[in-house]
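Listed here are the chains, written in short residue letters.
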Amino acid sequence: MKRLWYFIREAYTSLRTHRTSTLIGILTTAFTLISFGIFLLLYHNVHNLLGQVQHTIQIIVYPKNDIESGKLHDLQQGLKTDPAVDSLTFISKQDALTEFKEQFPEEVYLLEGLGESPFPASLILTMAAKTPTTDLIANLVNRLQHHPDIDRVRYNRDWIERLTLIITYMEFGALVVGSILALASVTIIAITVQLAFHTRQQEIEILRLIGATSLFISIPYLIEGAILGAAGAGIALGFLRGGFELFTHKTQGLSVFGGFSSALEFFPLPLSLILIAGGILLGCLGTLTTIYGSLRFRL
Amino acid sequence: MKRLWYFIREAYTSLRTHRTSTLIGILTTAFTLISFGIFLLLYHNVHNLLGQVQHTIQIIVYPKNDIESGKLHDLQQGLKTDPAVDSLTFISKQDALTEFKEQFPEEVYLLEGLGESPFPASLILTMAAKTPTTDLIANLVNRLQHHPDIDRVRYNRDWIERLTLIITYMEFGALVVGSILALASVTIIAITVQLAFHTRQQEIEILRLIGATSLFISIPYLIEGAILGAAGAGIALGFLRGGFELFTHKTQGLSVFGGFSSALEFFPLPLSLILIAGGILLGCLGTLTTIYGSLRFRL
Amino acid sequence: MIQLFHVTKYYDGCLALSDISLRIEKGECVLLTGPSGAGKTTLLKLIFGAEHPDEGQILVQNRNIARLGGSDVPYHRRTMGYVLQDFKLLPQRTVSENVALPLIIRGLSSFESRRKVLEALRAVGMDHKLSTIASVLSAGEQQRVCIARAIVNSPIILLADEPTGNLDPQLTTEIASLFKAINTRGTTVMMATHNRQVVEQLNGRILRLDCGHLVSDQGVYR
Amino acid sequence: MIQLFHVTKYYDGCLALSDISLRIEKGECVLLTGPSGAGKTTLLKLIFGAEHPDEGQILVQNRNIARLGGSDVPYHRRTMGYVLQDFKLLPQRTVSENVALPLIIRGLSSFESRRKVLEALRAVGMDHKLSTIASVLSAGEQQRVCIARAIVNSPIILLADEPTGNLDPQLTTEIASLFKAINTRGTTVMMATHNRQVVEQLNGRILRLDCGHLVSDQGVYR
Ligand SMILES: Nc1ncnc2c1ncn2[C@@H]1O[C@H](COP(=O)(O)OP(=O)(O)OP(=O)(O)O)[C@@H](O)[C@H]1O
Ligand SMILES: Nc1ncnc2c1ncn2[C@@H]1O[C@H](COP(=O)(O)OP(=O)(O)OP(=O)(O)O)[C@@H](O)[C@H]1O
Ligand SMILES: [Mg+2]
Ligand SMILES: [Mg+2]
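Residues numbered from 1 in each chain as written. Chains lettered and ligands numbered in written order. Predicted model: local features only at pLDDT ≥ 70, side-chain atom pairs only at ≥ 80, totals over all residues. Heavy atoms only, no water.

K.L.:
Run through the overall build of chain A, naming residues and quoting values.
P.N.:
Secondary structure summary: chain A contains ten helices and four strands in total. Secondary structure of chain A in N-to-C order comes out as α-α-β-α-β-α-β-α-β-α-α-α-α-α. Every one of the 299 residues in chain A was classed for burial, and the buried ones make up 44%. Surface summary for chain A: the accessible area is close to 15,400 Å², and the carbon and sulfur share equals 63%. (Helix = DSSP H or I, 4+ residues; strand = E, 2+ residues; numbered from the N terminus. Buried < 20%, exposed > 50% of the residue type's maximum accessible area, 1.4 Å probe, protein only. Areas by Shrake-Rupley, 256 points an atom, 1.4 Å probe, with all protein chains shown as cover.)

And the structure:
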């Protein structure tokens, strides 16, 4: 009991007497976690956004011109139940004509001599948001092209391929930048704690001298590191949240980002908690590496 | 002379004996400058890119259907000398027909009954890269719309307005994020130097005791701060450059980023030098704030 | 109690102690003398386990100090009190916190430890500055707090390095009698001192070091 | 040379020196004695300009220390040598670098300073450890380096706080004669000491402090 009390008071005293190092510890943790968090937030949202964009990929299927309405119905049913397909719109020959008239009102006179609509009927498929790989899309397209009732399949191969490449590169970049930032965070926090420790070398030596075990010496510093890490992570989260709210608020009414702005989302709660836990872990880790670096046997 | 030698040796000794604080100083400077640099690099290139995108804005001008070829020539000449206009392409009625046939080969039969091309002739203008404001474009469009020889002007008002908004927001965001990062850099470096100083409080007190003036005490620390800052900035620049080269190299052969990847550019030399000078300034500033914080009168 | 066999210690190739053999019995009072730089502090540090001998063996309470594992050292030290030549108090803690530290490390109850701390501080005449921060004390006061910290634990062996260097003659006499009393209660005392008054008053076995060599060993075996 | 008028000093409301008036002439040798915590170090610090009096005035070489601007303090200190009770050497520098510091601060030429450093170190018997790092020295050795640093500058006033606390009797005699010699050459010496041998040998004016009060002032005015 007396020891526990000692540990807590010790950590508190240390935080108070070494205000500068406490501050730098918290700020560094906060700063690195903010950098990391901004990056994570960007990744999280761009990932979401790309999902949404992918959702807008359309595949246009032209059924055979002379298809029976029963077969057309079967085809539609078959496509609707396909897991890769999100929605299906049927555009009849007449719909196509109406659409053309709306789009090119000045060229309508061209069609005046014709009886029936010259445009083919079509089915427009949109992809499910959960369909991130082009493999799946290519697969679907392939299947459709060999379907006996389908005449032609049109889709923007270029656009889909670019999107996939962008996703692949984004994920690769995320991995690289993410690990660099994480590494930098750990390094800087470790060095900060070490520097803070450096100023207390004398205290540690004195404790050793009196016969304190390494564990006894370390515990207050561990508590301190955990507090530093938690505070840093808390500040980082608060900062990120504030910045995020400001950003979405500022951009909400604008059409600049299309409908995307309102679709932006902050980390869900579990991820926030993981961030705080990460801060605590960083603090403890920094302390531990330092302790075992400097608790070599010395008077 | 003896003093100068003393100052330099002192700075060197201090850097060597306080390896940990030297390391943290350099790393923190480097880290903050890297964050700042990545941001600056992004800004620099997005700014460039938007300029290029703007270059692709097209205004389509339809001259009156019955225009004389002399007046058409005058119109073309007038547009060519307009400072807002970069290039001008004339598409005759025949060209328009050919283009339609290429784009919609399956609908060609629609046009078979017609003698002359039903499409109007047009002039396609691209904007000069140096024309960033929509005001200028709107102005130009307005002038064109009231031109006696012009029938209609078509341009993507939406696209242009969005672009301008994006640019405005980008510049505002740049200012905010940039100043936050710069502030964070200065704070963290100042605190780092202060912490490093903290560990040398005793040395400073001893020097005071022997009768050293504040200036005498400060000079080695200033040299040290400058070296730290320069080293940090150097590392940051190296890191940025390496990352940049890697990025452009990786993305060069790909069509993902269109032609933009090859258009990406690193900071020009003067900006790099400014970055290093900034690092030195940061180091000195950190030292100065610290020195005048801790050189209060004490034994 | 303490045995040294042919102990030699170098610092960076420079000889600090040369071939010291020694046997100190339980309850003895040993006075280490010798000129500045003779190796007195080094000898005390070796016994305390704060330095390792380069050659030879050291047995303290039948434990071989040279072979002590890193995790056993703290327990070895807890049986001893050590008054350092340069004090080494925690500068930001109060006098009573400093003196209580060896007790907290041993996990003593708060009540018992408070009584012991007060007793130790009273013995060195520092009970009027219980809650003063250690760093603002005068040199003599710090030295006395250091002595209090060394004796608060009722150690089996008490090592003291020049414990009266900053004390006035009257306090020196008092501290010397304190060490005498502690010794009489059965604690083995080993003190490095330059002070003739202390040497005479303690009247123990006198070891004289010079340049790392044990040049004389005289006095009483009781 | 040094004049104190009704000087009083409190530390956090606690009295350290009370109403001290004093006049010390050029070339005098003053010995400060008194029990631990009497205020000897405080008095020396006041004269050195390291602490400010709460009441009263202090004149040193006709300068009012209490009114000295922050930027004049260094120049005031350069005329004095101060042997601190807790040494305060730069731990990572060698012995000769430490002793040379006051000369570097004054901007002396390398050649001249080397000669002076050697001379000062020889006077305290430390010329054989010129390039040893200060932190590894024994306590007595550090104390002697501190004395060398204080005298290297040929100061007008030499303040010394317990300069023989960690020295053996023989070295104490030598250091006392050194101070005597420096005093004979015209330097005003003011030394706080507990050592009777030193007091007798120096044979100067004896000031006795107790609990911040000047209780006696006896001895020779030469
Ligand atoms: N860590 C060290 N590294 C190098 N040399 C050292 C170290 N510690 C002590 N020495 C040297 O060893 C010698 C003996 O030192 P020690 O401290 O044992 O002397 P001492 O007898 O205690 O002297 P004093 O009476 O001055 O305290 C001295 O010359 C000293 O300079
Ligand atoms: N910075 C300080 N803050 C508070 N109290 C102090 C401070 N410095 C000294 N004191 C107190 O003032 C009193 C006089 O201290 P001083 O160091 O002058 O004593 P001294 O005569 O030198 O004693 P010693 O012989 O032990 O060195 C002591 O009781 C001490 O605790
Ligand atoms: Mg010693
Ligand atoms: Mg004193």
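K.L.:
Could you give an account of the coordination of the magnesium ion (ligand 4), naming the residues involved and the relevant values?
P.N.:
Looking at the magnesium ion (ligand 4), one finds its protein donor set to be D:T41 (OG1) and D:Q85 (OE1), positioned 1.9 to 2.1 Å from the metal centre. Residue D:T41 is located in helix α1 (residues 40–48), and its partner D:Q85 is located in the loop between β6 (80–83) and α3 (95–106); the two are separated by 44 residues in the primary sequence. (Donors = N, O, S within 2.8 Å, 3.2 Å for Na, K, Ca; no water.)

K.L.:
I'd like a description of the side chain of B:T213, backed by residues and values.
P.N.:
If you trace the backbone, B:T213 turns up in the loop between α7 (201–210) and α8 (214–252). Judged by its relative accessible area of 16%, B:T213 falls in the buried class.

K.L.:
Quick rundown of the nonpolar core? Include the residues and the values.
P.N.:
Counting residues in each nonpolar core, the largest one holds 53 residues, and the members touching the most others are D:V99 and D:F179. The contacts of D:F179, once residues within four sequence positions are left out, are D:I147, D:L158, D:A160, D:P163, D:V189, D:M191 and D:L202. Grouped together as the second largest cluster of nonpolar side chains are 52 residues, A:Y221, C:V95, C:V99 and C:I182 included. (Core = buried A, V, L, I, M, F, W, Y, C linked by side-chain atoms within 4.5 Å. Contact = heavy atoms within 4.5 Å.)

K.L.:
Give me the lowdown on the sheet that holds strand β9 (residues 205–210) of chain D, citing residues and values where you can.
P.N.:
Picture the strands of a sheet paired through backbone hydrogen bonds; they go either parallel or antiparallel. All names here are of chain D. Read from one edge to the other, the open sheet built from six strands follows the order β6-β7-β8-β3-β9-β10, with strand pairing classed as mixed. Strands at the two margins of the open sheet, each flanked by one partner only, are β6 and β10 (213–218). Averaged over all pairs of adjacent strands, the angle between strand axes in this sheet comes to 15°, irrespective of strand direction. As judged from the five bridges shared by β9 and β10, these two strands associate in the antiparallel manner. Paired with L209 across the bridge in β10 is L214. (Pairing = 2+ DSSP bridges. Axes fitted to C-alpha atoms, helices over the stretch in contact; angles between N-to-C directions.)

K.L.:
Can you break down the packing of helix α5 (residues 139–151) of chain D against helix α6 (residues 169–184) of chain D residue by residue, with the values?
P.N.:
All names here are of chain D. Close contact between α5 and α6 brings their axes to 13 Å; oriented N to C, the two are set at 5°. Taken together, the axis directions place α5 and α6 in an arrangement best described as roughly parallel. Across the interface between the two elements, R144, I147 and I151 of α5 pack against L171, I175, L178, F179 and I182 of α6. Along the lines of polarity and charge, the residues of the contact of α5 with α6 split into seven nonpolar, no polar and one charged. (Parallel < 35°, antiparallel > 145°, perpendicular 65-115°, else oblique. Nonpolar A, V, L, I, M, F, W, Y, C, P; charged D, E, K, R; others polar.)

K.L.:
How would you explain α3(D) if you had to name every residue and give the values?
P.N.:
Residue and element names in this part refer to chain D. Across the twelve residues that make up α3, a large majority, nine, are buried. Every buried residue of α3 is accounted for by V95, N98, V99, A100, L101, P102, L103, I104 and I105. Following α3 by one or two positions, G107 has its phi on the positive side, about 80°.

K.L.:
I'd like a rundown of the site of ligand 2, residues and numbers included.
P.N.:
Close to ligand 2 lie 20 residues; C:K129, C:S138, C:G140, D:T41 and D:T42 are nearest. Around ligand 2, the neighbouring residues derive from chains C and D rather than from a single chain. Here C:S138 contributes a side-chain N or O atom positioned 2.6 Å from an oxygen atom of ligand 2. Within the complex, 88% of the 640 Å² of free accessible area of ligand 2 lies under protein. For the shell around ligand 2, the secondary-structure elements that each account for two or more residues are α5 (139–151) of chain C together with α1 of chain D. Along the lines of polarity and charge, the residues of the shell around ligand 2 split into six nonpolar, ten polar and four charged. (Near = heavy atom within 4 Å. Polar contact = N/O pair within 3.5 Å; in protein donor to acceptor, adjacent residues only side chain to side chain.)

K.L.:
Could you give an account of the pairing of strand β4 (residues 55–60) of chain D, naming the residues involved and the relevant values?
P.N.:
Residue and element names in this part refer to chain D. The pairing of strand β1 (residues 2–11) with β4 spans five bridges and is classified as antiparallel. Note on β4: the bridge partner recorded for F5 is Q57. The pairing of β4 with strand β5 (residues 63–64) spans two bridges and is antiparallel. Within the sheet, the bridge partner assigned to V60 lies in β5 and is R63.

K.L.:
Please provide a residue-by-residue account of the side chain of C:T193, values included.
P.N.:
All names here are of chain C. With respect to the helices and strands, the residue T193 is situated in the loop between β8 (188–192) and α7 (196–202). Side-chain polar atoms of T193 contact the backbone nitrogen of N195, separated by 3.1 Å. Setting aside residues up to four positions removed in sequence, T193 forms contacts with L31, L32, T33, E162, T164, V198 and V199.

K.L.:
Please give an account of helix α3 (residues 69–80) of chain B that cites residues and values.
P.N.:
Residues and elements named next belong to chain B. For α3, which comprises twelve residues, the first-to-last C-alpha distance of 16 Å matches the rise-based estimate of 16 Å (1.5 Å per residue) to within 8%. When we look at burial in α3, the residues that qualify are L72, L75, Q76 and L79. What you see down the axis of α3 is that its buried residues fit within an arc of 100°, all on one side. (Expected span 1.5 Å × (residues − 1). Arc of directions from axis to C-beta.)

K.L.:
I'd like a rundown of the sheet that holds β1(D), residues and numbers included.
P.N.:
Read across the sheet, four strands follow the order β2-β1-β4-β5 (chain D) without closing on themselves; strand pairing throughout is antiparallel. Each edge of the open sheet is held by one strand with a lone partner, namely β2 (14–24) and β5 of chain D.

K.L.:
Describe in detail the environment of A:E68, supporting the description with residues and values.
P.N.:
Residue and element names in this part refer to chain A. Assignment of secondary structure puts E68 in the loop between β1 (58–63) and α3 (69–80). By relative accessible area, which is 55% here, E68 ends up exposed. Between the alpha carbons of E68 and D149 there is a distance of 9.2 Å; along the sequence they are 81 residues apart.

K.L.:
Which residues make up the site of ligand 1, and what are the values?
P.N.:
Of all residues adjacent to ligand 1, which total 19 residues, the nearest are C:T41, C:T42, D:K129, D:S138 and D:G140. Here an oxygen atom of ligand 1 and a backbone polar atom of C:A38 are 3.2 Å apart. At 2.7 Å from an oxygen atom of ligand 1 is found a main-chain nitrogen or oxygen belonging to D:G140. Across the complex, the protein chains shield 87% of the 640 Å² of accessible surface that ligand 1 would expose by itself. At the level of elements, α1 (40–48) of chain C together with α5 of chain D are the ones that each hand at least two residues to the shell around ligand 1. Considering only residue class, the shell around ligand 1 consists of six nonpolar, nine polar and four charged.

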